[in-house]
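One letter stands for each residue in the lines below.
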Amino acid sequence: HQGMFLADALQHMKDNLKEYPAADLGDAAGMFLTYAADPRNRDAKVLYTEEPVAFSIAPHPEDKTGKPIDVIGTLDQIREEVDGFYVYDIKTSKKNPNYIRGISIFQQAAYCVGAAVKFKIPIVSARLILPRQYVGRAPGEAPVFWPYTWKFADVEQILMGLRVVVMNIRHGNVYHVP
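Residues numbered from 1 in each chain as written. Predicted model: local features only at pLDDT ≥ 70, side-chain atom pairs only at ≥ 80, totals over all residues. Heavy atoms only, no water.

Comments concerning the sheet that holds strand β4 (residues 123-129)
Moving on, step 1. Within the open sheet, the five strands sit side by side as β1-β2-β3-β4-β5. Their pairing is mixed. The open sheet has two edge strands with one neighbour each: β1 (45-57) and β5 (145-147). Adjacent strand axes in the sheet meet at a mean angle of 35° when their direction is disregarded.
Moving on, step 2. Across five bridges, strand β2 (residues 69-81) lies against strand β3 (residues 84-90) in antiparallel orientation. When the bridges of β3 are listed, Gln 77 appears paired with Tyr 88.
Moving on, step 3. Packing against the sheet, helix α5 (residues 105-119) makes contact with β1, β2, β3 and β4, and its axis sits at approximately 100° to β1. (Pairing = 2+ DSSP bridges. Helix = DSSP H or I, 4+ residues; strand = E, 2+ residues; numbered from the N terminus. Axes fitted to C-alpha atoms, helices over the stretch in contact; angles between N-to-C directions. Contact = heavy atoms within 4.5 Å.)

Take a look at the structure:
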């Protein structure tokens, strides 16, 4: 989506392997090529890619530290669709798609805030792209898009859950679940 030809994009991946020493170039190239062949991606109206965001949200009201929660990340894509703007995040995990969607909810809700603030556009919601789901399927038919059912109006409630988790960690109560 940044205007590179396929060969150039693959070379770019190869040239940057040192940044990702555990990466499997063949695996990554396979996911990229099927992603690129999917008309749903090729024809998508992608407004922004790989955009850094950094902002803070208020702590939970009972967080004794009173410190804001810093959110720092990179938005994979902002797409414009018929009903509005969406945050798209690519996840290459080998885990079950429903699991990935579940453990990513705080991140995606926060990314919706970051996108709305940075680009001054109304975000509808977030969606995951899971390119491993292309395996053995036609690119235009593979179940790679995993939308969230919540809308931007729900983000404040979702982020309250994040505030509770951060508060507990700050107070020494660490739980090993999302």
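Let's talk about the packing of aromatic side chains
Moving on, step 1. Taken as a whole and judged by the stated rule, the model has three aromatic pairs.
Moving on, step 2. On the basis of an interplanar angle of 85° and a centroid distance of 6.2 Å, the ring pair of Tyr 88 and Phe 145 is categorised as edge-to-face. Placement of the pair is Tyr 88 in strand β3 and Phe 145 in strand β5, with a sequence separation of 57 residues.
Moving on, step 3. The cationic tip of Arg 79 hangs over the ring face of Tyr 88; the distance from NZ or CZ to the ring centre is 4.4 Å. (Phe/Tyr/Trp six-rings, centres within 6.5 Å; stacked < 30°, edge-to-face > 60°. Lys NZ or Arg CZ within 6 Å of the ring centre and 35° of its normal.)

Some remarks on α5
Moving on, step 1. Compared with an ideal rise of 1.5 Å per residue, which puts 15 residues at 21 Å, α5 spans 21 Å between its outermost C-alpha atoms and is within 8% of the ideal.
Moving on, step 2. Taken together, the buried positions of α5 are occupied by Gln 108, Ala 109, Ala 110, Tyr 111, Cys 112, Val 113, Gly 114, Ala 115, Ala 116 and Phe 119.
Moving on, step 3. Along its buried surface, α5 packs onto β1, β2, β3, β4 and α6 (155-170). (Expected span 1.5 Å × (residues − 1). Buried < 20%, exposed > 50% of the residue type's maximum accessible area, 1.4 Å probe, protein only.)

Examining the nonpolar core
Moving on, step 1. Counting residues in each nonpolar core, the largest one holds 31 residues, and the members touching the most others are Val 87, Ile 123, Trp 150 and Leu 159.
Moving on, step 2. Secondary-structure elements contributing two or more residues to this core are β1, β2, β3, α5, β4 and α6.
Moving on, step 3. Sorting elements by how many residues they give to this core places α5 first, with eight residues.
Moving on, step 4. Residue contacts for Leu 159: discarding those within four places in its chain leaves Ile 57, Phe 106, Ala 109, Ala 110 and Val 113.
Moving on, step 5. Grouped together as the second largest cluster of nonpolar side chains are eight residues, Tyr 35, Tyr 88, Ile 129 and Tyr 134 included. (Core = buried A, V, L, I, M, F, W, Y, C linked by side-chain atoms within 4.5 Å.)

Concerning the pattern of salt bridges
Moving on, step 1. All told, the structure shown has eight salt bridges when counted by the stated rule.
Moving on, step 2. Of the charged contacts, one joins Lys 45 and Glu 80 as a salt bridge, the two residues approaching to 3.1 Å between their closest N and O atoms. Separated by 35 residues along the polypeptide, Lys 45 in strand β1 and Glu 80 in strand β2 bring together distant segments of the chain.
Moving on, step 3. For Lys 45, a relative accessible area of 47% translates into the label partly exposed. (Salt bridge = Lys/Arg side-chain N within 4 Å of Asp/Glu carboxyl O.)

Some points on empty space enclosed by the protein
Moving on, step 1. Applying the stated criterion to the full structure yields one cavity of 30 Å³ or more.
Moving on, step 2. Lining the largest cavity, in full, are Lys 91, Ser 93, Lys 95, Pro 97, Ile 100, Leu 130, Pro 131, Arg 132 and Gln 133.
Moving on, step 3. In terms of residue class, the lining of the largest cavity is made up of four nonpolar, two polar and three charged. (1 Å grid on protein atoms, 1.4 Å probe; cavity = no way out; pocket = protein on both sides within 12 Å on 5 of 7 lines; lining within 4 Å. Points joined across faces, edges and corners; volume = space filled by probe spheres on them. Nonpolar A, V, L, I, M, F, W, Y, C, P; charged D, E, K, R; others polar.)

Let's talk about unusual backbone geometry
Moving on, step 1. With a phi angle near 50°, Glu 50 is a residue other than glycine that sits in the positive phi range.
Moving on, step 2. Note that Glu 50 resides in strand β1.
Moving on, step 3. The phi dihedral of Lys 120 is positive, around 55°, even though this residue is not glycine.
Moving on, step 4. Along the polypeptide, Lys 120 turns up in the loop between α5 and β4.

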